[in-house]
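If you want the building blocks of each chain, they are given just below.
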Amino acid sequence: MTVSSPAKINLFLAVTGRRADGFHDLVSLVAPVAFGDELEVAVEPGGGDIVLTCDDERVPCGAQNLAVRAAEEFRMAAEVEVGVRIRMNKRIPMGAGLGGASSNAAAVLRALNTLLGSPLAEGDLRLLAASLGSDCPLFLFGEPCVMRGRGERLERLPEAVAARLAGRRLLLYKPDFSISTPWAYGALAAMAPSGYIESRLAEAMLSRWLSSSDGPETLLFNSFAAVADRKFMALPVLAERLRGMPGVQGVLMTGSGSASFALLDEEADAQSLEAEI
Ligand code: C5P
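Because the structure is predicted, anything quoted here is derived from the model rather than measured.

Criteria and thresholds
- Residues numbered from 1 in each chain as written.
- Predicted model: local features only at pLDDT ≥ 70, side-chain atom pairs only at ≥ 80, totals over all residues.
- Heavy atoms only, no water.
- Phe/Tyr/Trp six-rings, centres within 6.5 Å; stacked < 30°, edge-to-face > 60°.
- Helix = DSSP H or I, 4+ residues; strand = E, 2+ residues; numbered from the N terminus.
- Buried < 20%, exposed > 50% of the residue type's maximum accessible area, 1.4 Å probe, protein only.
- Contact = heavy atoms within 4.5 Å.
- Salt bridge = Lys/Arg side-chain N within 4 Å of Asp/Glu carboxyl O.
- Pairing = 2+ DSSP bridges.
- Axes fitted to C-alpha atoms, helices over the stretch in contact; angles between N-to-C directions.
- Polar contact = N/O pair within 3.5 Å; in protein donor to acceptor, adjacent residues only side chain to side chain.
- Left-handed = near helix turned anticlockwise from the far one by under 90°.
- 1 Å grid on protein atoms, 1.4 Å probe; cavity = no way out; pocket = protein on both sides within 12 Å on 5 of 7 lines; lining within 4 Å.
- Points joined across faces, edges and corners; volume = space filled by probe spheres on them.
- Nonpolar A, V, L, I, M, F, W, Y, C, P; charged D, E, K, R; others polar.

**What about the packing of aromatic side chains?**
How two aromatic rings sit relative to each other is given by the distance of their centres and the angle of their planes.
For step 1, the next point in the chain: Summed over all chains, the structure comprises four aromatic pairs.
For step 2, the next point in the chain: Here F12 and F221 contribute two aromatic rings whose centre-to-centre distance is 5.8 Å and whose plane-to-plane angle is 40°, an arrangement assigned as tilted. One end of the pair, F12, is in strand β1 (residues 2-18); the other, F221, is in strand β8 (residues 221-222), and 209 residues separate them in sequence.
For step 3, the next point in the chain: Using a relative accessible area of 0% as the deciding quantity, one classes F12 as buried.
For step 4, the next point in the chain: Ring geometry for W183 and F232: centres 6.3 Å apart, planes at 70°, overall edge-to-face.

**Some words on the side chain of S102**
For step 1, the next point in the chain: Structurally, the position occupied by S102 is in helix α2 (residues 100-115).
For step 2, the next point in the chain: In this structure S102 comes out as buried when scored by relative accessible area, which is 11%.
For step 3, the next point in the chain: When sequence neighbours within four positions are dropped, the list of residues in contact with S102 reads L66, D135, C136 and F139.

**Observations regarding the pattern of salt bridges**
For step 1, the next point in the chain: Inspection of every chain in the model, using the stated rule, returns 15 salt bridges.
For step 2, the next point in the chain: One salt bridge in this structure joins D135 and K8, with 3.8 Å as the shortest N-O distance. Remark: K8 occurs in strand β1 and D135 occurs in the loop between α3 (122-132) and α4 (136-141); sequence separation between them is 127 residues.
For step 3, the next point in the chain: For K8, a relative accessible area of 2% gives the class buried.
For step 4, the next point in the chain: R148 is the partner of E155 in a salt bridge, and the nearest nitrogen-oxygen pair spans 2.7 Å.
For step 5, the next point in the chain: According to the relative accessible area criterion, R148 is buried, its value standing at 17%.
For step 6, the next point in the chain: Each of the salt bridges in this network shares a partner with another, and the network as a whole consists of R19, D21 and D25.

**Let's talk about the sheet that holds strand β7 (residues 169-173)**
For step 1, the next point in the chain: A sheet is described by the order of its strands in space; here three strands give the open sequence β7-β10-β9, paired in antiparallel fashion. Each having just a single partner strand, β7 and β9 (248-253) make up the two edges of the open sheet. Averaged over all adjacent pairs, the angle separating strand axes in this sheet is 20°, with direction ignored.
For step 2, the next point in the chain: Pairing between β9 and strand β10 (residues 260-264): five bridges, direction antiparallel. When the bridges of β10 are listed, M253 appears paired with S260.

**So, the side chain of N113**
For step 1, the next point in the chain: Here N113 lies in helix α2.
For step 2, the next point in the chain: On the basis of relative accessibility, which here comes to 5%, the residue N113 falls in the buried class.
For step 3, the next point in the chain: From its side chain, N113 meets the backbone oxygen of L120 in a polar contact 2.9 Å long.
For step 4, the next point in the chain: When neighbours within four sequence positions are excluded, N113 is seen to be in contact with F74, S118, P119, L120 and L125.

**What about the packing of helix α1 (residues 66-78) against α2?**
For step 1, the next point in the chain: Where α1 contacts α2, the axes come no closer than 8 Å and their chain directions differ by 35°. Crossing of α1 against α2: the hand is right-handed. Contacts between α1 and α2 involve L66, A67, A70, A71 and F74 from the former and A101, S102, N104, A105, V108, L109, L112 and N113 from the latter.

**Concerning the layout of surface pockets**
For step 1, the next point in the chain: For the largest pocket, the calculated volume is near 1000 Å³.
For step 2, the next point in the chain: Every residue lining the largest pocket is counted, 42 residues in all, and those nearest its centre are S102, D135, T181, P182 and S256.
For step 3, the next point in the chain: At four residues, α2 tops the list of elements feeding residues into the lining of the largest pocket.
For step 4, the next point in the chain: Split by residue class, the lining of the largest pocket holds 19 nonpolar, 18 polar and five charged.
For step 5, the next point in the chain: Counting only elements with at least two residues in the lining of the second largest pocket, the list comes to β1, β2 (24-45), α5 (159-165) and β7.
For step 6, the next point in the chain: Top contributing element to the lining of the second largest pocket by residue count: β2, with five residues.
For step 7, the next point in the chain: Looking at the lining of the second largest pocket, its residues break down into 15 nonpolar, one polar and one charged.

Below, the structure is given as structure tokens:
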């Protein structure tokens, strides 16, 4: 079975505080984008190994790969004895905040459940996804949504709001350095409480945008920008230059970075932007 495994961007990402379990609570508006990896997933009845191969040799293919862990956890939860072969066509860069590994894991869960005749109910699949990573549930969901809690509480957007996001032109770019997610959360925690946005304020910012008729450019916010911009000064410098170019409606880092996106109107010339980057 061939499945697509899209990247995501966070148009709004407010980290509201640290929880007792060490994770952080957040409020985010997140959307899968029409760019991503492709996976081929096959099962062999009777049992066997989980074998992952990837066209990008930088991708670790052992048990540390979240797609392999997803297949392992799925076999255990569904109590099925199958071998699993996954062929990955990798386009989403790692350490980018684009959710590549989480997306791959969710795609494997979805594919295995379909191939094996749905041994897991939708709720169990969601729990399994949440146990693999905070961004996994959103990829099972598969459409723009508001994400809360650690990332496991997802709320569908009203149709009119989703329509404001659909078909928007984006330029994604990733600098040649990566940002580790635990580092980014740690840096926010070290600034506490000033690195966090009060949840009441985050909810107010989001609901004001949801009830407006504005495009996504007026929503853009990312708590991680403050810590990333301080350490990697090229990020704010480049973002500011891109904001000044024709047809660019907004620029924001996605997730914990280092990838960022520019919202473009029809006039923007992607080639000049690429040259500037
Ligand atoms: O869940 P995931 O594996 O993506 O999280 C990676 C790391 O990011 C966690 O170990 C934790 O340090 C941090 N994190 C967090 N709060 C979240 C999501 C991730 O503190 N909501």
